[in-house]
Amino acid sequence: MLPHCSLLLLLCVARLLSTTSALPFEQKGFWDFAMDNMDSGGLMTMMRDEEEGSAVEEILPPDISMCPFGCHCRLRVVQCSDLGLTEVPQNIPRDTKFLDLQNNHITELKENEFKGLTNLYGLSLRNNLISKVHPRTFVPLKHMQKLYFSKNLLTTVPKNLPASLVEIRIHENRIKKVAAGAFAGLGNMNCIEMGANPIHNSGFEPGAFKGLKLNYLRISEAKLTGVPKDLPDSLHELHLDHNQIQAVELEDLSRYKNLFRLGLGYNHIRNIENGSLSFLPRLRELHLDNNRLTHVPKGLPNMKYLHVVYLHSNNIAQVGMDDFCPRGFGMKRTFYNGISLFDNPVNYWEVQPATFRCVSDRLAVQFGNYKK
């Protein structure tokens with residue numbers, strides 16, 4: 001009887017082993033995917049090494065970088081925002097394309113903060129406390145195209161920006177001066193956003209924008225009292241809203257023949273000198289709302305491509321029949337699809353219907369009650 005029992009016990013053990021040869025299910029992590037192609041022998045060897053206390057670094061490929069503590073790293077994007085960091089973290093993977101450091105407490109950028117990050121495409125430092133940047137901080141970033149530096153404590157434009165840079169946003173800092181050559185060597189630059197800095201017209205030194213071929217420039221919410229001189233003549237969009245500009249003089253816009261959109265809203269403009277707008281033959285949109293104009297600016301009928309005009313919240317009391325549209329047929333290439341005149345002391349019932357003969361739709365003209 002005993003030999004039969006022993007045989008039965010051996011058969012049971014054999015069946016148990018055959019049904020439990022697979023490892024227990026575990027949710028796959030990053031390194032599990034990396035080991036998908038390993039044979040079972042290699043996997044068992046690694047498990048045995050871990051049980052014996054061998055370090056993880058001994059089994060990781062040597063070219064794999066670890067993610068900085070507290071950050072999230074995925075698809076070459078390293079997100080280290082909202083962590084209360086006081087400095088740039090170490091051990092950032094060298095293949096990182098976008099590095100997000102916004103909403104922290106970083107106060108300074110040192111020389112070797114971004115060493116080795118030659119593949120970086122975009123860097124966000126938005127909403128920190130940065131007031132000091134080493135002159136060589138950005139030297140390693142040979143391919144960076146986008147730099148978001150808004151809501152910090154900068155007093156000047158950082159030096160030695162990468163020649164590859166296409167877009168920089170440095171609004172809401174403490175910049176009072178842009179020195180000559182501040183953007184030297186940045187021939188690829190397309191967009192600069194530098195609004196909400198306490199800069200006056202005198203803060204732009206001659207040659208501050210020399211060599212740039214910008215499409216977009218915003219200097220809103222600053223301390224400007226006039227249209228700045230010597231801005232890039234390549235501009236398609238210029239936004240100078242929320243300043244203290246008093247008037248537009250004849251030569252102020254003479255350089256900007258390529259402008260499509262001009263923003264001058266929320267200023268103190270009382271007068272636009274006759275002929276000033278004739279320098280803008282390609283203009284599509286003109287924003288002059290929330291100023292102190294007493295009449296519709298001269299020259300609008302001659303602007304063949306103008307189709308949006310914001311004139312609301314001014315002191316315009318009268319609108320003439322030829323203020324917007326030319327008399328000759330076919331002189332205007334694009335009909336208006338937006339004219340705002342609300343919040344002005346003009347009686348809309350006194351405006352002649354023919355005034356808007358070059359408007360695409362009557363609903364495109366916005367009048368409204370004047371309340372002051």
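Each chain carries its own residue numbering, running from 1 in the written order of its sequence. Under the rules for a predicted model, residues below a pLDDT of 70 receive no local features and side-chain atom pairs below 80 are neither given nor counted, while totals for whole chains, interfaces and linings still include all residues. To get the side-chain values, take all heavy atoms of the structure and skip hydrogens and water.

Right, let's get into the overall build of the chain. Only DSSP runs of H or I reaching four residues or more are called helices, and only runs of E reaching two or more are called strands; each is numbered from the N terminus. Tallying secondary structure elements over the chain gives three helices and 18 strands in all. Throughout this description, buried means an accessible area under 20% of the type-specific maximum (1.4 Å probe, protein chains only), exposed means over 50%, and partly exposed covers the range between. With 372 residues in all, the chain has 39% of them scored as buried. For this analysis, residues touch if any pair of their heavy atoms sits within 4.5 Å. A fraction of 46% describes how many contacts in the chain between residues 6 or more apart in sequence connect residues 24 or more apart. When the accessible surface of the chain is summed, it comes to about 21200 Å², and 52% of that surface belongs to carbon and sulfur atoms. Using a 1.4 Å probe, accessible areas were evaluated by the Shrake-Rupley method; residue-level cover was limited to the displayed protein chains.

What follows concerns the pattern of salt bridges. The term salt bridge refers to a side-chain nitrogen of Lys or Arg lying within 4 Å of a carboxyl oxygen of Asp or Glu. Summed over all chains, the structure comprises eleven salt bridges. Linking E205 and K177 is a salt bridge whose minimum nitrogen-to-oxygen distance equals 3.0 Å. Of this pair, E205 sits in the loop between strand 9 (191-193) and strand 10 (216-218) while K177 sits in the loop between strand 8 (167-169) and strand 9, placing them 28 residues apart in sequence. The salt bridge partner of E193 is R218, with a shortest N-O separation of 3.2 Å. In this pair, E193 is assigned in strand 9 and R218 in strand 10, connecting sequence segments 25 residues apart.

With that settled, consider the nonpolar core. By size, the foremost hydrophobic cluster in this structure holds 84 residues, and its most contacted members are L123 and F324. Each residue touching F324, except ones within four places of it in the same chain, is listed here: V296, L300, P301, L311, V319, Y336, I339, L341, T355, F356 and C358. For the purposes of this section, nonpolar cores are sets of buried Ala, Val, Leu, Ile, Met, Phe, Trp, Tyr and Cys residues that join through side-chain atoms within 4.5 Å.

A few words on the environment of S360. With respect to the helices, strands and loops of the structure, S360 is situated in the loop between strand 17 (338-340) and strand 18 (365-366). Judged by relative accessible area, S360 falls into the partly exposed class, the value being 48%. For the pair S360 and Y336, spaced 24 residues apart in sequence, the C-alpha separation works out to 5.8 Å. With residues up to four places along the chain from it excluded, the contact list for S360 reads F335, Y336 and N337.

Under the pairing criterion, centres of Phe, Tyr and Trp rings, with the six-membered ring standing for Trp, must be within 6.5 Å; the plane angle then separates stacked pairs below 30 degrees from edge-to-face pairs above 60, leaving the rest tilted. In this structure the tally under the stated criterion is nine aromatic pairs. With 6.1 Å between their ring centres and 40 degrees between their planes, Y348 and F367 make a pair best called tilted. With Y348 in the loop between strand 17 and strand 18 and F367 in the segment after strand 18, this residue pair connects regions lying 19 residues apart in the sequence. Judged by relative accessible area, which is 47%, Y348 ranks as partly exposed. Residue F367 is classed as partly exposed on the basis of its relative accessible area, which comes to 25%. Taken together, F324, Y336, Y348, W349, F356 and F367 form an aromatic cluster joined through their ring pairs. Charge-over-ring placement is defined geometrically: NZ (Lys) or CZ (Arg) within 6 Å of the ring centre, and within 35 degrees of the ring normal. When the ring centre of Y305 is taken as reference, the NZ or CZ atom of R284 above it lies at 5.0 Å. Above the plane of the ring of Y336 lies K332, whose end atom (NZ or CZ) is 4.3 Å from the centre.

Bringing the UniProt feature "domain: LRRNT" (unreviewed entry) in the chain into the picture now. Here, the residues flagged by UniProt with the feature "domain: LRRNT" (unreviewed entry) are residues 66-98. Secondary structure within residues 66-98 divides into 0% helix and 21% strand; the distance between the first and last C-alpha atoms comes to 16 Å. UniProt positions are given in the numbering used here, feature names are shortened, and annotations may be inferred rather than shown by experiment.

Here we come to the state of the cysteines. In plain terms, two cysteine sulfur atoms within 2.5 Å form what is called a disulfide here. Inspection of every chain in the model, using the stated rule, returns three disulfides. Covalently, C67 is tied to C73 through a disulfide, its sulfur atoms 2.0 Å apart. On the S-S bond that ties C67 to C73, the torsion sits near 80 degrees, and the link is right-handed. In this structure C73 comes out as partly exposed when scored by relative accessible area, which is 35%. For C325, the disulfide goes to C358, at an S-S distance of 1.9 Å. Judged by the torsion about the S-S bond (-85 degrees), the C325/C358 disulfide is left-handed.

The next thing to look at is the side chain of H287. Positionally, H287 belongs in strand 15 (residues 285-287). Assessed through its relative accessible area of 16%, H287 is described here as buried. Once you skip the residues sitting within four places of it in the chain, H287 turns out to touch L262, G263, L264, G265 and Y310.

Along the chain, the position of S340 falls in strand 17. S340 sits in the buried class, given a relative accessible area of 2%. Sequence spacing of S340 and Y310 is 30 residues, and the spatial spacing of their C-alpha atoms is 5.0 Å. Those residues in contact with S340 that sit more than four places away from it in its chain are V309, Y310, L311, H312 and Q366.

Per-residue confidence from the predictor is reported as pLDDT, a score between 0 and 100. Of all residues in the chain, 81% attain a pLDDT of 70 or more, and the chain-wide mean is 85. Per-residue pLDDT stays below 50 along residues 1-60; that stretch engages in 15 contacts with residues further than four places along the chain or on separate chains.

Positionally, V78 belongs in strand 2 (residues 77-79). Between the alpha carbons of V78 and D100 there is a distance of 6.2 Å; along the sequence they are 22 residues apart. The contact partners of V78, leaving out residues within four places of it in the chain, are P68, C71, H72, C73, I92, P93, T96, F98, L99 and D100.

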